[in-house]
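Architecture at a glance
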Amino acid sequence: LTAFTGSLAGAVVFVIMRRAKNAHTLQLVWAWVCGGVTISVILGNTVTKMIIPTPQEWLYIAPMCVIGTCAHVMLNYSGRLAPAGPSSLLRSCDVVFAYLWEVFVFGEEINVFTILGALLIMAGISLVAYSKYQQS
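So, how was this worked out
Residues numbered from 1 in each chain as written. Predicted model: local features only at pLDDT ≥ 70, side-chain atom pairs only at ≥ 80, totals over all residues. Heavy atoms only, no water. Helix = DSSP H or I, 4+ residues; strand = E, 2+ residues; numbered from the N terminus. Contact = heavy atoms within 4.5 Å. Areas by Shrake-Rupley, 256 points an atom, 1.4 Å probe, with all protein chains shown as cover. Buried < 20%, exposed > 50% of the residue type's maximum accessible area, 1.4 Å probe, protein only. Patch = residues over 30% accessible without salt bridge, like charges linked within 9 Å, V, L, I, M, F, W, Y side chains within 5 Å. Salt bridge = Lys/Arg side-chain N within 4 Å of Asp/Glu carboxyl O. Expected span 1.5 Å × (residues − 1). Arc of directions from axis to C-beta.

This part takes up the overall build of the protein chain. Summing up its helical and strand segments, the protein chain has six helices and zero strands in all. In the protein chain, the order of α-helices and β-strands from amino to carboxyl end is α-α-α-α-α-α. Sequence-distant contacts, at least 24 apart, represent 75% of the contacts inside the protein chain between residues at least 6 apart. Here the protein chain displays about 10,700 Å² of accessible surface, and carbon together with sulfur accounts for 74% of that area.

Let us look at the environment of Val13. In this structure, Val13 sits in helix α1 (residues 2-19). For Val13, a relative accessible area of 22% corresponds to the partly exposed category. Here the alpha-carbon distance between Val13 and Trp32, two residues 19 residues apart in the chain, equals 9.3 Å.

What follows deals with a nonpolar patch on the surface. Taken together, Phe97, Leu100, Trp101, Phe104, Val105 and Phe106 make up a surface patch of nonpolar side chains, about 730 Å² in accessible area. Within the fold, Phe97 resides in helix α5 (residues 93-104).

So, on to helix α2 (residues 25-46). Taking 1.5 Å per residue as the helical rise, α2 with its 22 residues ought to reach 32 Å, and the 32 Å between its terminal C-alpha atoms agrees with that figure. Of all the residues in α2, the buried ones are Thr25, Leu28, Val29 and Gly44. Buried residues of α2 fall within an arc of 110° about the axis and therefore sit on the same side. Among the exposed residues of α2, those pointing more than 90 degrees away from its buried face are Gln27, Trp30, Asn45 and Thr46.

Right, here's the structure in full:
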């Protein structure tokens, strides 16, 4: 349910970014931050109990914030320029990159179903790219 809701919200965000072509990229990122902080505080205090991270956890959280901000700047910038369909398909590559990161950096075991899922995502993206190539 959570993954479906997140996916649905991501689709809505792509449509909103396309409509907000004249908005500056950093305005879109700021709106994303405000919404994310608000929802996190609400859910963090209702669904679970929020705790203050330890200094070791902050060493993981800080780079995640920097890298995440860079990712959202690029997402918002490209979302205003590129068509929503291909952009949302390429956004599916997040799953593949996260899987590769888990395997090569964190040493997670390789699973047949995750490999199959990654291959299906890459096949779908390749088919869309090929159809766009044929149209041009």
